[in-house]
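# Chain and residue survey
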Amino acid sequence: MSVENLPRTIWWENGATHLIDQTRLPLQGDILVCNTYEGLISAIKSLAVRGAPALGVAGAYAMALWSQVEGRLMEDREKYLSRFTEVASEVSQARPTAINLPWGVAKIAELIEEHPDRTPVQLHELIVERANEMAQEDEAANRAMGANGAELFDGPTKFLTHCNTGSLATVFFGTALGVIFTAHDQGKVEHVWVDETRPLNQGGRLTAWELLQVGIPSALIADDMAADVMAKGWVDAVILGADRICADGDVVNKIGTYGLSVLAKEHNIPFYVTAPSSTFDLTLERGSDVEIEERDSREIEGVTISGKFDPSDDRTARALDALTAEGPCDLPMSKGHHMTLDRKGGGYSFDAWFRTTPPQVMVFNPAFDVTPAANVTAYITELGVIHNETKDPTAAIKALLE
Ligand code: MRU
């Protein structure tokens, strides 16, 4: 059992972007092939690919897809640049909170600016090459973060983590979970508490799965159990990731992070944020300046269950064939529940949504919250660790990034 056996999350192959469909993990590990940038935007919006560092690389691959399908065939440079700018802005805005997505797109825009004399065909080769390099750099940065973070722990440590910051949130290896993987290799992990991370259960579905694959002792808890395990003295360190870190050190991360930081402070537990330098946004002064993504109310109003039918007799197979003959088939149910059938990967898949709340209920569903810099013990990056004791995170962050 080793982290090296985890799958890569996103890659370029035969002129298309391939990714593991994380909406269906861990029960189904379908590979989604995106041939157009619009397809990749849908995958980003549905969280088939997610996690700030993975989104950075997805942004670059979206531009590579545009270039493959449209850009490289354009002859007029002015038109090329104007369309590039349009698509770049569409991709950058697919999800508003993680800075890595516009960062990844901006890296490709810089490349175009640096090569004013290249034809669209030549630019296409450069874009794909650059996006592939970014994927490799992501893995290298994660491994460096893992090494830097693991040094902070001396002996067997009981961690608590939130959301998914593992290999699946990056191209490979992970950020905060990468620190746990490295610390585990060094014999420093006693136990990991995994927050379920409602509403989409990235902790329960993805982090719990990665830790099992790597053989790290762990237990899943519902989000509202974190205070209890801290009060019992069962947590030595909280460690999680970030979607954007502002100039003053405020951390924007998965909803629930702020609450954990308050709990950690109350129980004198160190609170570590692990993120690559690409997650720092020095153009925004404080966390309240960041746009927080609000997601579909259905994520809270019910549960989604996906799976595959496994017809054992001809009659059922024929019925499923008939229903899906013309593509995905919607099966509305009573009480607002809903199911879609589809033929995927050589089988019959279903995605079902079951309402668990009253139909009239009002919902507020922010995907992220802001943790003040004052609640952070240290930021673990690939360039080094920023200890927050100075209480001047802006100066420390600038010194490290410059
Ligand atoms: O909505 P998601 O699943 O993209 O949110 C992911 C997170 O909030 C992670 O904690 C963050 O991106 C850090 S990932 C290394």
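Residues numbered from 1 in each chain as written. Predicted model: local features only at pLDDT ≥ 70, side-chain atom pairs only at ≥ 80, totals over all residues. Heavy atoms only, no water.

### Brief notes about the overall build of the protein chain
What counts, and what does not: Strands are runs of DSSP state E lasting at least 2 residues, helices are runs of H or I lasting at least 4, and numbering of each runs from the N terminus. For the exposure calls, accessible area comes from a 1.4 Å probe over protein chains only, and a residue counts as buried if that area is under 20% of its type's maximum, exposed if over 50%, partly exposed in between. We call two residues contacting when some pair of their heavy atoms lies within 4.5 Å. Note on areas: Shrake-Rupley with a 1.4 Å probe; residue coverage comes only from the protein chains shown.
Of the regular secondary structure elements, the protein chain holds 12 helices and 18 strands. Overall size of the protein chain, expressed as C-alpha extent along the three principal axes, is 60 × 60 × 45 Å. Out of the 402 residues in the protein chain, the part that is buried amounts to 52%. The contacts of the protein chain with a sequence gap of at least 6 include a subset with a gap of at least 24, amounting to 74%. A total accessible area of about 17,600 Å² is found for the protein chain, and carbon and sulfur atoms account for 52% of it.

### Notes on the packing of aromatic side chains
The cut-off we apply is this: Here is the rule: rings of Phe, Tyr and Trp (six-membered ring for Trp) pair when centre to centre is within 6.5 Å. Planes less than 30 degrees apart are stacked, more than 60 are edge-to-face, and the remainder are tilted. Any Lys NZ or Arg CZ found within 6 Å of a ring centre and within 35 degrees of that ring's normal is scored as a charge over the ring.
Across all of its chains, the model carries nine aromatic pairs by this definition. On the basis of an interplanar angle of 55 degrees and a centroid distance of 5.2 Å, the ring pair of Trp 66 and Tyr 80 is categorised as tilted. Taken together, the residues Trp 66 in helix α2 (residues 52-69) and Tyr 80 in helix α3 (residues 77-92) connect sequence positions 14 residues apart. Among the residues examined, Trp 66 registers a relative accessible area of 1% and is labelled buried. Classification of Tyr 80 as buried rests on a relative accessible area of 1%. Note on Trp 193 and Trp 234: the rings are 6.0 Å apart at their centroids and 10 degrees apart in plane angle, and the pair reads as stacked. Residue Trp 193 is found in strand β5 (residues 189-195), and its partner Trp 234 is found in the loop between α8 (226-231) and β7 (237-240); the two are separated by 41 residues along the sequence. A cation over a ring is seen here: Lys 254 above Phe 368, with NZ or CZ 4.4 Å from the ring centre. Positioned above the aromatic ring of Trp 353 is the side chain of Arg 298, whose terminal nitrogen or guanidinium carbon lies 4.1 Å from the ring centre.

### Focus: the nonpolar core
Selection criterion: Residues grouped as a nonpolar core are buried Ala, Val, Leu, Ile, Met, Phe, Trp, Tyr and Cys residues, joined through side-chain atoms within 4.5 Å.
Leu 40, Val 49, Met 63 and Val 91 are the most contacted members of the largest nonpolar core, which totals 44 residues. Where this core is concerned, the elements lending two or more residues are β1 (10-13), α1 (37-45), α2, α3, α4 (100-114) and α5 (120-150). Ranked by the residues each element gives to this core, the list is headed by α2, at 12 residues. Beyond its immediate chain neighbours, meaning those up to four positions away, Met 63 contacts Phe 84, Val 87, Ala 88, Val 91, Val 105, Ile 108 and Ile 127.

### A word on the packing of α2 against α4
Selection criterion: Whenever a helix is involved, its axis is fitted only over the stretch in contact; in every case the axis is a line through C-alpha atoms, and angles between N-to-C directions fall within 0 to 180 degrees. Crossing handedness: left-handed means the near helix sits turned counterclockwise from the far one by under a right angle, and right-handed means the same turn made clockwise. Note on residue categories: nonpolar means Ala, Val, Leu, Ile, Met, Phe, Trp, Tyr, Cys or Pro, charged means Asp, Glu, Lys or Arg, and polar means any other residue, Gly included.
Following both chains from N to C, one finds α2 and α4 inclined at 35 degrees, their axes separated by 7 Å at the closest point. Seen along the crossing, α2 lies across α4 with a hand that is right-handed. Contacts between α2 and α4 involve Ala 52, Pro 53, Leu 55, Gly 56, Gly 59, Ala 60 and Met 63 from the former and Asn 100, Leu 101, Trp 103, Gly 104, Val 105 and Ile 108 from the latter. Its residues assigned to classes, the contact of α2 with α4 shows nine nonpolar, four polar and no charged.

### Comments concerning the pattern of salt bridges
Oppositely charged side chains can form a pair if their charged atoms are brought close together. Heads up, the condition is: Salt bridge, as used here, is a side-chain nitrogen of Lys or Arg placed within 4 Å of a carboxyl oxygen of Asp or Glu.
A complete count under the given rule lists 21 salt bridges for this structure. For Asp 351, the salt bridge is made with Arg 24, and the minimal N-O distance between the two is 2.6 Å. Of the two residues, Asp 351 is situated in strand β15 (residues 347-355) and Arg 24 in the loop between β2 (16-20) and β3 (31-34); the sequence distance between them amounts to 327 residues. Looking at Asp 351, the relative accessible area reads 26%, which means it is partly exposed. On the accessibility criterion, Arg 24 (6% relative accessible area) is buried. We note a salt bridge from Asp 321 to Arg 343, for which the minimum N-O separation is 3.7 Å. With Asp 321 in helix α11 (residues 314-323) and Arg 343 in strand β14 (residues 338-344), the pair connects residues that are 22 residues apart, well separated along the chain.

### Focus: the sheet that holds strand β10 (residues 271-274)
The line we're drawing: A pair of strands is labelled paired if DSSP reports no fewer than 2 bridges between them.
Reading across from one edge, β6-β5-β4-β7-β10-β17-β18 is the order of the seven strands in this open sheet, with mixed pairing throughout. One side of each edge strand has no neighbouring strand; the edge strands of this open sheet are β6 (218-221) and β18 (385-387). Strand-to-strand twist across the sheet, computed as the mean angle between neighbouring axes with direction ignored, equals 20 degrees. Here three bridges tie β10 to strand β17 (residues 378-380), and the two strands are oriented parallel to one another. Among the inter-strand pairings, Tyr 272 is bridged to a residue of β17, identified as Ala 378.

### A few points about the site of the ligand
To keep it simple, the criterion reads: For this purpose, a residue is taken to be near a molecule or strand whenever a single non-hydrogen atom of the residue falls within 4 Å of it. The definition of a polar contact used here is a pair of N or O atoms within 3.5 Å, where within protein one atom must be able to donate a hydrogen and the other to accept one, and adjacent residues in sequence count solely through side-chain atom pairs.
Neighbouring residues of the ligand: 17 residues in total, closest Arg 50, Arg 95, Asp 243, Asn 253 and Lys 254. Between an oxygen atom of the ligand and a side-chain N or O atom of Gln 202, the distance comes to 3.0 Å. Taking Asp 243, its side chain carries an N or O atom lying 2.8 Å from an oxygen atom of the ligand. Taking 410 Å² as the accessible area of the ligand by itself, protein coverage stands at 100%. Partitioned by chemical class, the residues of the shell around the ligand number six nonpolar, seven polar and four charged.

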